Amino acid sequence: MVERGPWWTVAAAPLLLAALAALAVAANALLAARSAGRPVTLTAAARPFLALPRALVAGPRRLPAPDLLLWRAGVVTVPVAAVLSTLVIPFGNTVVADLSVGVVWFNAMEVTTWAALWLAGWGPNAAFSLIGGYRFLAQGLAYELPLMFALIAAATGAESLRVGDIAAAQQGLWYAVWMPVAFAAHLAGVLAFSFLGPFAHPAGRDAAGGVLGELSGPDRLLLQAGRWLWLASGAAMAVPLFLGGGAGPGLPAWAWSLVKTLLVLALLLAAVRRLPVVRPDRYVELAWVVLVPLTILQVLVPALVVLGR
């Protein structure tokens, strides 16, 4: 059973999330070096981190009539929401906050990213940045319902919104096996609220970087960090929701949670590197016409199983 951890887990959870995000950044740098024909070395993995000192001392861009308060609030909220989402994610048999509505908490933190990223696009008072913010709103309207139904499917199967109960309910058969549509929708949602890979259009090059276009220095670093923190958080949340949490033979629960999280993170990174960017209008059509009906049907499966008990 999952139990609430001691006080020091409040600091340990963000540190572990940061370590997973840093590992994802390094792995992505290695994959980028390989695709560009450069040597795959430790130097290539460290390249993104070597630019950190220069980013920290870079000055902010000066724009005419920006809304600095909303701009900074949006930039800061993205990584903060990602960190707060980890409070309900069990690591092995330990969780920082064993909330009875843990699934709702995670979804609420993800939805907060909607408003934050739109504010980050609105605040600079610049055209391309605003386009990036509106692109994320359109993308969010498309992915949120499939993601929400995926979370509901897992919660319905366990008859609980507590994340630990969902992990414990998968004794003998993971939800990823008999809820594959929900699992796939969750992974797609993770990429979407991280606006990475096929869902990177809010920060697209065709819009001069979109929400990232007017950011520099620590502000840009914070928003970029938020993307990777959310990717790591979404990968970690997939483990108790669909992969049985820390359950497994031979290893302690925390080790199984770590191994499963790394495998999900590797799968997401492969999608980031290999899948093309999807235009928002095409993804909106796919989501409303295909994904929403499929995820609704997926929710009916655990609902019928629960009724049959």
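On a predicted model such as this, the values are computed, not experimentally measured, just so you know. (Residues numbered from 1 in each chain as written. Predicted model: local features only at pLDDT ≥ 70, side-chain atom pairs only at ≥ 80, totals over all residues. Heavy atoms only, no water.)

### A short note on a nonpolar patch on the surface
- Among the surface-exposed residues, Leu286, Trp288, Val289, Val290, Leu294, Leu297, Leu300, Leu304 and Leu307 lie close enough to one another that they form a single nonpolar patch of about 900 Å² accessible area.
- Positionally, Leu286 belongs in helix H12 (residues 280-308). (Patch = residues over 30% accessible without salt bridge, like charges linked within 9 Å, V, L, I, M, F, W, Y side chains within 5 Å. Areas by Shrake-Rupley, 256 points an atom, 1.4 Å probe, with all protein chains shown as cover. Salt bridge = Lys/Arg side-chain N within 4 Å of Asp/Glu carboxyl O. Helix = DSSP H or I, 4+ residues; strand = E, 2+ residues; numbered from the N terminus.)

### Regarding unusual backbone geometry
- For Glu159, which is not glycine, the phi torsion reads 55° and is therefore positive.
- With respect to the element layout, Glu159 can be found in the loop between helix H6 (127-158) and helix H7 (163-168).
- Look at Phe195: it is not a glycine, yet its phi comes out positive at around 40°.
- With respect to the secondary-structure elements, Phe195 resides in the loop between helix H9 (180-193) and helix H10 (217-242).

### Brief notes about the pattern of salt bridges
- Summed over the entire model, instances satisfying the criterion amount to 4 salt bridges.
- Linking Asp281 and Arg279 is a salt bridge whose minimum nitrogen-to-oxygen distance equals 2.6 Å.
- Note on Asp281: relative accessible area 42%, which makes it partly exposed.
- Through salt bridges with shared partners, a single ionic network connects Asp98, Arg162 and Asp165. (Buried < 20%, exposed > 50% of the residue type's maximum accessible area, 1.4 Å probe, protein only.)

### Examining the nonpolar core
- Grouped together as the largest cluster of nonpolar side chains are 73 residues, with contacts concentrated most on Leu231 and Phe242.
- Counting residues per element, this core draws most heavily on H10, which supplies 12 residues.
- With residues up to four places along the chain from it excluded, the contact list for Leu231 reads Val190, Leu191, Ser194, Leu196, Leu265, Leu268 and Leu269. (Core = buried A, V, L, I, M, F, W, Y, C linked by side-chain atoms within 4.5 Å. Contact = heavy atoms within 4.5 Å.)

### Remarks on the layout of surface pockets
- What the largest pocket holds in volume is close to 1,300 Å³.
- Along its surface, the largest pocket is lined by 39 residues, and Asn28, Leu196, Gln224, Arg227 and Trp228 are the ones closest to its centre.
- Counting residues per element, the ones that place at least two in the lining of the largest pocket are helix H1 (9-35), helix H2 (42-50), helix H3 (52-57), H10 and helix H11 (253-274).
- In terms of residue count, the dominant contributor to the lining of the largest pocket is H10 (8 residues).
- Along the lines of polarity and charge, the residues of the lining of the largest pocket split into 24 nonpolar, 8 polar and 7 charged.
- Looking at the second largest pocket, its volume works out to about 340 Å³.
- Residue lining of the second largest pocket: 19 residues in total, with Ala13, Leu16, Ile89, Pro90 and Phe91 positioned closest to the centre.
- Listed by contribution, the elements that provide at least two residues to the lining of the second largest pocket are H1, strand S2 (94-95), H10 and H11.
- Tallied by class, residues from the lining of the second largest pocket come to 13 nonpolar, 6 polar and no charged. (1 Å grid on protein atoms, 1.4 Å probe; cavity = no way out; pocket = protein on both sides within 12 Å on 5 of 7 lines; lining within 4 Å. Points joined across faces, edges and corners; volume = space filled by probe spheres on them. Nonpolar A, V, L, I, M, F, W, Y, C, P; charged D, E, K, R; others polar.)

### A look at the packing of aromatic side chains
- This model, assessed by the stated rule, comprises 11 aromatic pairs.
- For the ring pair Trp118 and Trp122, a centre distance of 5.2 Å and an interplane angle of 25° mean the geometry is stacked. With Trp118 and Trp122 both in helix H5 (residues 102-122), this residue pair falls 4 residues apart, about one helical turn.
- When the centroid spacing of 5.9 Å and the interplanar angle of 75° are considered together, the rings of Phe136 and Phe195 count as edge-to-face. With Phe136 in helix H6 and Phe195 in the loop between H9 and H10, this residue pair connects regions lying 59 residues apart in the sequence. Phe195 shares its class with Phe136; the two are buried. (Phe/Tyr/Trp six-rings, centres within 6.5 Å; stacked < 30°, edge-to-face > 60°.)

The values are spatial; any link to function lies outside them.
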